[in-house]
Protein chains: 2
Amino acid sequence: MRLDEIDRRIVAQLLENGRASYAQIGTAVGLSAPAVKRRVDRLRADGVITGFSAVVDPAALGWTTEAFIEIFCTGATSPEEIYASIRNHPEVVAAYTVSGDASALVHVRARDIQHLEQALERLRREDNITATKTAIVLSRLIGRPTDSPERPGRPASRY
Amino acid sequence: MRLDEIDRRIVAQLLENGRASYAQIGTAVGLSAPAVKRRVDRLRADGVITGFSAVVDPAALGWTTEAFIEIFCTGATSPEEIYASIRNHPEVVAAYTVSGDASALVHVRARDIQHLEQALERLRREDNITATKTAIVLSRLIGRPTDSPERPGRPASRY
DNA sequence: CGTGAAACTTGAGGCTC
DNA sequence: GAGCCTCAAGTTTCACG
């Protein structure tokens with residue numbers, strides 16, 4: 001599952017434009033379309049590329065409020081238990097167990113502040129969760145689609 | 001720029017498979033391929049869909065370490081100044097100004113712990129930044145490609 | 001990995017409700 | 001306004017060299 005330079009460039013192309021044609025990618029990386037397809041198929045089979053997705057502006061769909069919530073649990077709550085506590089909250093966009101004071105950090109998106117408050121109350125009612133600490137997102141400074149293997153920082157998409 | 005039910009279903013389809021053909025989406029939502037294309041074109045023009053991207057596993061590209069860093073700045077540091085301080089650090093995947101104690105929250109990805117430490121040191125050398133507080137990601141519990149307008153929680157991709 | 005041919009998809013015209 | 005049909009141009013996908 002080693003990636004060479006061309007593989008990385010193909011991935012970079014597909015990060016930038018997930019609907020680029022194989023011929024288009026091919027001219028960018030100096031390969032024919034079938035050769036690109038074979039590599040993309042291999043990258044998918046190897047789990048390097050896990051899928052393709054539209055990049056959507058949450059605000060345009062009415063999700064204008066965003067927060068990071070530190071979650072504190074009782075003594076030795078396992079990751080599985082934390083997962084069970086948050087999995088059914090649809091507002092949770094991402095969640096991580098982390099080092100430090102908090103047991104987990106969850107990224108939440110809501111339609112508005114009222115919705116956020118409601119989601120937070122619902123989270124706090126979970127048995128394992130003893131406390132929360134919320135940081136509401138005021139502005140997004142940087143947000144990359146995902147990590148390019150070799151792309152430097154791009155300008156922020158503010159909202 | 002109002003979205004109807006079909007628009008939302010098209011967006012949901014494209015979040016799930018960004019390379020789906022218009023005909024494919026059409027059968028899923030009950031429209032012909034050209035009708036789907038026109039709606040997708042409109043959704044792009046309206047900024048609801050901002051692009052398409054491959055979904056890549058950072059670990060497969062050698063980015064195995066991840067952290068959230070709270071950044072503390074002197075008194076009244078503006079979002080623009082914070083942005084200027086972090087924009088050139090390629091390890092920064094996302095950054096937000098937030099309510100609460102910290103001035104900003106930045107999401108960082110590094111190749112390994114050594115690289116993370118090095119990135120952190122580099123960040124702390126920025127003039128505006130007076131202190132940082134790092135939470136290293138131990139495991140990812142939930143991570144959705146992005147927010148579907150109506151999709152419930154999906155299982156976590158752990159690593 | 002490249003070439004070429006078959007099957008499919010895209011994208012733009014005009015037509016209908 | 002929004003959808004459907006049709007057709008040329010482009011794209012994907014295969015077997016073969």
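Note that the structure is a prediction, hence the values are computed from the model and not measured. (Residues numbered from 1 in each chain as written. Chains lettered and ligands numbered in written order. Predicted model: local features only at pLDDT ≥ 70, side-chain atom pairs only at ≥ 80, totals over all residues. Heavy atoms only, no water.)

Considering the overall build of chain A
As a reminder, the rule being used: What counts as a helix is a DSSP run of H or I of at least four residues, what counts as a strand is a run of E of at least two, and both are numbered from the N terminus. For every residue, the accessible area (1.4 Å probe, protein chains only) is compared with the maximum for its type, and the residue is labelled buried under 20%, exposed over 50%, or partly exposed between those bounds. Contacts are assigned to residue pairs with any non-hydrogen atoms lying within 4.5 Å of each other. Residue exposure ignores everything except the shown protein chains as possible cover, and the areas themselves are Shrake-Rupley values with a 1.4 Å probe.
What chain A contains, in helices and strands, is five helices and five strands. In sequence order, chain A lays out its α and β elements as α-α-α-β-β-α-β-β-α-β. Relative to its full complement of 159 residues, chain A shows a buried share of 49%. Considering only contacts within chain A whose residues lie at least 6 apart along the sequence, 64% involve residues at least 24 apart. Carbon and sulfur atoms form 50% of the exposed surface of chain A, whose accessible area is close to 7,400 Å².

Looking at the environment of valine 11 of chain B
The residue valine 11 of chain B is located in helix H1 (residues 5-16) in this model. When the C-alpha atoms of valine 11 of chain B and arginine 39 of chain B are compared, they prove to be 9.9 Å apart, with 28 residues separating the residues in sequence.

Regarding the protein's contact with DNA strand C
Short version of the rule: Nearness here has a simple test: a residue counts as near a molecule or strand if at least one of its heavy atoms is within 4 Å of that partner. Counting of polar contacts relies on pairs of N or O atoms within 3.5 Å, with two restrictions inside protein: one atom must be capable of donating a hydrogen and the other of accepting it, and residues adjacent in sequence are counted only when both atoms are side-chain atoms. Any residue that is not Ala, Val, Leu, Ile, Met, Phe, Trp, Tyr, Cys, Pro, Asp, Glu, Lys or Arg is counted as polar, Gly included; the first ten are nonpolar and the last four charged.
Residues in contact with DNA strand C, as listed here, are Arg19, Leu31, Ser32, Pro34, Ala35, Arg38 and Arg39 of chain A together with Ser21, Tyr22, Ala23 and Lys37 of chain B. Here, DNA strand C places atoms within 4 Å of the protein, and 60% of those atoms are sugar or phosphate. A distance of 3.0 Å is found between a phosphate oxygen of DNA strand C and a side-chain nitrogen or oxygen belonging to serine 32 of chain A. Separating a phosphate oxygen of DNA strand C from a side-chain N or O atom of arginine 39 of chain A is a distance of 2.5 Å. Tallied by class, the residues present in the surface near DNA strand C amount to five nonpolar, two polar and four charged.

Concerning the confidence of the model for chain A
The line we're drawing: The score called pLDDT rates the predictor's confidence residue by residue, from a low of 0 to a high of 100.
Mean pLDDT over chain A stands at 90; residues scoring 70 or higher make up 90%. In this model, residues 147-159 of chain A is a region of pLDDT below 50 whose contacts with residues beyond four sequence positions or in other chains number 41 contacts.

Considering the interface of chain A and chain B
The line we're drawing: The salt bridge definition used is simple: a Lys or Arg side-chain nitrogen within 4 Å of an Asp or Glu carboxyl oxygen. Strands were regarded as paired on the criterion that DSSP finds at least two bridges between them.
Taken residue by residue, the interface counts 72 residues in chain A and 72 residues in chain B. At the junction of chain A with chain B, the criterion picks out two salt bridges. Our count for the chain A to chain B interface comes out at 27 residue pairs in polar contact (both at pLDDT 80 or more). Broken down by element, the side of chain A that touches chain B gets its largest block of residues, eleven residues, from strand E5 (residues 129-143) of chain A. Along the lines of polarity and charge, the residues of the side of chain A that touches chain B split into 40 nonpolar, 17 polar and 15 charged. Sheet topology note: the strand E3 (residues 92-98) of chain A/strand E5 (residues 129-143) of chain B ladder contains five bridges and is antiparallel. When the sheet's bridge partners are listed, threonine 97 of chain A is paired in E5 of chain B with serine 139 of chain B.

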